[in-house]
Amino acid sequence: MAGEAFADAYPGAEGYGMLEALLEQAQRAAPTDMPDLVNRHATALGLRHVGLYLVDIQQRQLCPLGVGQRALSVDSSLAGWTYRTLAMRVEDADDPEGGIRIWLPLVDGVERLGVLEVRTDLLDGERMRRCRALAALLAPIITSKRAYSDTFVRQARTQPMQLPAEMVRAFLPPRTIGNEQAVSTAVLEPAYELGGDAFDHSMTQDTLHAAIIDSMGHDLAAGLATSVALAGCRSGRRAGADLRETVDTVDQALSQWLPDRFATGVFLQLDLADGRLRWINCGHPPPLLIRRHAVLDRALEQAGQLPLGLPAALSPEPRTVHVAELEPGDRVLLYTDGVTEARDANGALFGLERFTDTIIRATAGGELAFETLRRLIHFIVDDQGNELRDDATLLLVEWCPGPWGPGGVVPAV
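For clarity, every value in this text was computed on a predicted model and none was experimentally measured. (Residues numbered from 1 in each chain as written. Predicted model: local features only at pLDDT ≥ 70, side-chain atom pairs only at ≥ 80, totals over all residues. Heavy atoms only, no water.)

Caption draft 1: Spatial organisation of the overall build of the protein. The secondary structure content of the protein amounts to 13 helices and 17 strands. For the protein, the C-alpha radius of gyration of 22 Å lies close to 22 Å, the compact-globule estimate for 413 residues. For the protein, with 413 residues in total, the buried portion stands at 54%. Within the protein, residue pairs in contact and separated by at least 24 positions form 66% of the contacts whose partners lie at least 6 positions apart. Each charge class in the protein can be summarised by its mean position, and for the 38 positive and 56 negative side chains these summaries are 3 Å apart. (Helix = DSSP H or I, 4+ residues; strand = E, 2+ residues; numbered from the N terminus. Rg over C-alpha atoms; globule rule 2.2 N^0.38 Å. Buried < 20%, exposed > 50% of the residue type's maximum accessible area, 1.4 Å probe, protein only. Contact = heavy atoms within 4.5 Å. Lys, Arg positive; Asp, Glu negative; His and termini not counted. Charge placed at Lys NZ, Arg CZ, Asp CG, Glu CD.)

The structure is reproduced here in structure tokens:
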């Protein structure tokens, strides 16, 4: 049982049976009951109060799960600092009873969910271990309930979502995946009005798979084409197809079911052991290679190929698979043309050169990959006055071999 595992990890500690009871009750509890359920067990753990905050879709706010609390800014609050850095933060509690407030990251695998607020009269080693154990316990519970609960979905939204965006988001994987060898993370804007952009990523024992797709148009039909492309990608990959065969599955699916629609995209595979990158570019902007905080000029640029859905009808030639050797710490950035073709209020084009300069500034701080990407997309969106004319999607893959290398994402608590 989970409580026994915690107890084994911290021999002699009291209160871990309560964590086991919390786990068992949480499996049956409704999402709306989670805050009260956790707080009913807080006293037995030597804690005064526990609060749950989940990040919104755009990663700008930490929204409280419960009533009577306000949302907190990711960029300007202590809770936000914990979310951005995955590091614990301690401060004096701002209530009449005094005591201490602790902020801890809620992370399921490498996916940032939000933060945990804990209030206690004092902080010692044992209470700290229990707080960390509680955060580790709650994160996967939240993930499991989020998969079927509109409560958590609504919690992460600050405005209504348009139907095409709702359809595409139903097919998307978690925003971030990874392990001690590699991380893949993605963001999409405009978050509530997506048309044809999407991303996909998955990991096997020795390979990271990732893809970015941009379907023609910005309507429900574009979202449908993207959904078919995602399904084709996963169908081929899960059947054991190699990279070329996987892309061929997508081509065939679009050609058969949506012959008047096409999409561009990049599909890649990263060998986790040796850093060999293999990719196919289907009429899409070429990937960018970031090495030591610099974008290497044209490092991954190759001759273009036909967009997805067209080769089945127009060309008998097989797709070309390109190969590159990455160095530890390298980052590969995929993006859609909605990024570089964005225009500000004066009509000025954002452009590839400015995009490259922005990447360099965003990576210079040495932040974790997913935080770099969050800051990068926010800079682009804010520069356009929050009114992007097309979808803007970014996907960043980092190869970080060795025990928790440059991209390591172990919470620093």
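Now that the structure has been shown, the text picks up again.
Caption draft 2: Fine view of the pattern of salt bridges. If you walk through the whole model with that rule in mind, you get 23 salt bridges. For Arg130, the salt bridge identified is with Glu126, shortest N-O distance 2.9 Å. Here Arg130 and its partner Glu126 are both found in helix H5 (residues 125–146), four residues apart, which amounts to about one turn of the helix. A residue is classified by how much of its surface remains accessible, and Arg130, at 9% relative accessible area, is buried. Here Arg237 ties to Asp200 by a salt bridge, and the two come within 2.9 Å at their closest N and O atoms. Taken as a pair, Arg237 in helix H8 (residues 220–238) and Asp200 in strand S9 (residues 197–203) lie far apart in primary sequence, 37 residues in all. For the pair Arg237 and Asp200, a shared accessibility class is recorded, and that class is buried. (Salt bridge = Lys/Arg side-chain N within 4 Å of Asp/Glu carboxyl O.)

Caption draft 3: Summary view of the confidence of the model for the protein. With 92% of its residues at a pLDDT of at least 70, the protein reaches an overall mean of 88. When mean pLDDT is compared element by element in the protein, strand S15 (residues 322–325) scores highest at 98, while helix H1 (residues 2–9) scores lowest at 42. For the stretch residues 404–413, pLDDT sits under 50, and the model shows 29 contacts to residues farther than four places along the chain or on other chains. (pLDDT = per-residue confidence, 0-100.)

Caption draft 4: Examining the packing of aromatic side chains more closely. Applying the stated criterion to the full structure yields two aromatic pairs. Geometrically, the ring pair formed by Tyr53 and Trp103 is edge-to-face, given 5.7 Å between the ring centres and 70° between the ring planes. One end of the pair, Tyr53, is in strand S1 (residues 49–55); the other, Trp103, is in strand S5 (residues 100–108), and 50 residues separate them in sequence. Tyr53 sits in the buried class, given a relative accessible area of 5%. Trp103 sits in the buried class, given a relative accessible area of 4%. It is Arg89 that lies over the ring of Trp81; its NZ or CZ is 4.9 Å from the centre. (Phe/Tyr/Trp six-rings, centres within 6.5 Å; stacked < 30°, edge-to-face > 60°. Lys NZ or Arg CZ within 6 Å of the ring centre and 35° of its normal.)

Caption draft 5: Spatial organisation of the domain arrangement of the protein. By the assigned domains, the protein splits into domain 1 (3–155) and domain 2 (163–399). Using only C-alpha atoms to locate each centre, domain 1 and domain 2 end up separated by 33 Å. At the interface, 15 residues of domain 1 touch 18 residues of domain 2. Carbon and sulfur atoms make up 47% of the surface buried where domain 1 meets domain 2, a total of about 1500 Å² over both sides. Our count for the domain 1 to domain 2 interface comes out at three salt bridges. For Glu371, the salt bridge goes to Arg112, with nearest N and O atoms at 2.9 Å. (Domains from an automatic or database assignment. Buried area = accessible area lost by both parts, 1.4 Å probe.)

Caption draft 6: Region of the structure containing the sheet that holds strand S12 (residues 276–282). Overall, antiparallel pairing links the five strands, which are arranged S9-S10-S11-S12-S15 in an open sheet. Each of the sheet's edge strands pairs with one partner strand only, and the pair in question is S9 and S15. Geometrically, the sheet is characterised by an average inter-axis angle of 15° between neighbouring strands, direction not taken into account. Pairing geometry for S9 and strand S10 (residues 207–215), over seven bridges, is antiparallel. Note that in S10 the partner of Asp200 across the bridge is Ala211. H8 rests against S9, S10 and strand S11 (263–271) of the sheet, and its axis sits at about 15° to S9. (Pairing = 2+ DSSP bridges. Axes fitted to C-alpha atoms, helices over the stretch in contact; angles between N-to-C directions.)

Caption draft 7: Quick peek at the packing of H8 against helix H9 (residues 243–257). It is the contact of H8 with H9, at a shortest axis distance of 8 Å, that shows an interaxial angle of 140°. When the axes of H8 and H9 are compared, the crossing they make is right-handed. Along the contact surface, H8 presents Ala225, Val228, Ala229, Gly232, Cys233, Gly236 and Arg237, while H9 presents Thr246, Thr249, Val250, Ala253 and Leu254. Residue classes in the contact of H8 with H9 are distributed as seven nonpolar, four polar and one charged. (Left-handed = near helix turned anticlockwise from the far one by under 90°. Nonpolar A, V, L, I, M, F, W, Y, C, P; charged D, E, K, R; others polar.)

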